[in-house]
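Fold and geometry: a report
What follows is the residue order along each chain.
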Amino acid sequence: MDTNHAPVLPDCAACPFDWPARACRKPGGQGPKNCPTLTGNTLAQEALLATVRDNAEFARQASVQEASGYGDRDRGYDRVRPLKPRIQELMEFAGRMKYQRLGLAFCIGLRLEAAVVREILTVNGFEMLSACCKVGRVPKSAIAIDREDQVDPASENETMCNPVFQAILCNEGRTELNVLLGLCVGHDSLFIKYSQAPVTVLAVKDRLLGHNPLAAIYQHASYWRCLKQPLDRTPGDES
Ligand code: SF4
């Protein structure tokens, strides 16, 4: 990479301005030197063109769904309140898009939750295809995993997670929207890479925090302050 001509990277997460004053909130608003709203007009036009040309209805319905998730909108911005759990939003959005067949790609560790999600989606009229992460029963040795890197080193043939197969099954089944439930970090990335249908996430995996990774973020100033120190990334140390 030519670092002499490296682009200035946008960094909205480090934006120093309060939300009401930001350039992406209102015309004439403020932003830092690397603000992509103030500096990236060409790219912004390209993005809008791609949205309108290739994803117009999807983008429109997603925004309609977003607004419908708030109540008391007629009482002013400071009084709006959340109305719906994500599972409801998911179903409403799929309905707005007139999707009938959904894929559910789930972690086997969340098989009880998957059964409930499947029941809810089925009762609401969707045709379901579901695939667990262990589908295909391919041993981890097929991807060069040694026994000591298995969850259970005592197992001779631990089954690997197979997100590419999950995605291919959804593709072959002509699902219109794929829902991820609890896939591991990286396995979710592979599913998204190979899925032909759009992907939405109902829940991500966090084994420790009840699949609520934000619990550690909410406690960043107290019990999880250690996370703001560099991690010891010793390979193989999962303790
Ligand atoms: S787009 Fe600009 S103003 Fe908005 S958050 Fe990013 S840096 Fe800040």
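Computed from a predicted model, the values in this text were never measured in an experiment.

Thresholds, definitions, all that
- Counting restarts for each chain: residues are numbered from 1 in the order of the written sequence.
- Selection of residues for local features in this predicted model requires a pLDDT of at least 70, selection of side-chain atom pairs for listing and counting requires 80 or more, and totals for whole chains, interfaces and linings are taken over all residues.
- Numbering of helices and strands starts at the N terminus; helices are DSSP runs of H or I of at least 4 residues and strands are runs of E of at least 2.
- Counting other C-beta atoms within 10 Å of a residue's own tells you its class, since 20 or more makes it buried, 12 or fewer makes it exposed, and anything in between is partly exposed; those C-beta atoms are placed from the backbone.
- Here the contact rule is simple: place C-beta atoms from the backbone, and any two residues whose C-beta atoms are within 7 Å are in contact.
- Boundary definitions for the domains trace back to an automatic or database domain assignment.
- Here the term charged refers only to Asp, Glu, Lys and Arg, the term nonpolar to Ala, Val, Leu, Ile, Met, Phe, Trp, Tyr, Cys and Pro, and the term polar to all other amino acids, Gly among them.
- Any residue whose backbone-placed C-beta atom lies within 6 Å of a molecule or strand is treated as near that molecule or strand.

Here we take up the overall build of the chain. Scanning the chain from N- to C-terminus turns up eight helices and six strands. Ordering the α and β elements of the chain from the N terminus gives α-α-α-β-β-α-β-α-β-α-β-α-β-α. Burial status across the chain gives 18% buried among its 239 residues. When contacts within the chain are restricted to residue pairs at least 6 apart in sequence, those whose partners lie at least 24 apart make up 52%.

Now for the domain arrangement of the chain. Along its sequence, the chain is carved into domain 1 (36-83) and domain 2 (85-205). Each partner contributes residues to the interface: domain 1 has six residues there, and domain 2 has five residues. Looking at side-chain class alone, the side of domain 1 that touches domain 2 contains three nonpolar, three polar and no charged residues.

Moving on to the environment of Ser 195. Mapped onto the elements, Ser 195 comes out in the loop between α7 (187-194) and β6 (199-203). The class of Ser 195 is buried, set by 22 C-beta atoms lying within 10 Å. Each C-alpha atom, one on Ser 195 and one on Cys 15, is 33 Å from the other, the two residues being 180 residues apart in sequence. For Ser 195, the residues in contact, after removing those within four places along its chain, are Ala 167, Cys 170 and Asn 178.

Before going further, it helps to spend a moment on the site of the ligand. Every residue near the ligand is listed here: Cys 12, Cys 15, Phe 17, Arg 22, Ala 23, Cys 24, Gly 31, Pro 32, Cys 35, Pro 36 and Thr 37. Class assignment for the residues of the shell around the ligand results in eight nonpolar, two polar and one charged.

A few words on helix α6 (residues 163-172). Taken residue by residue, α6 has Pro 163, Phe 165, Gln 166, Ala 167 and Cys 170 as its buried positions. Residues of α6 that are buried make contact with β3 (101-106), β4 (127-132), β5 (177-181) and α7. Immediately beyond the C-terminal end of α6, within one or two residues, lies Arg 174, with a positive phi of roughly 55°.

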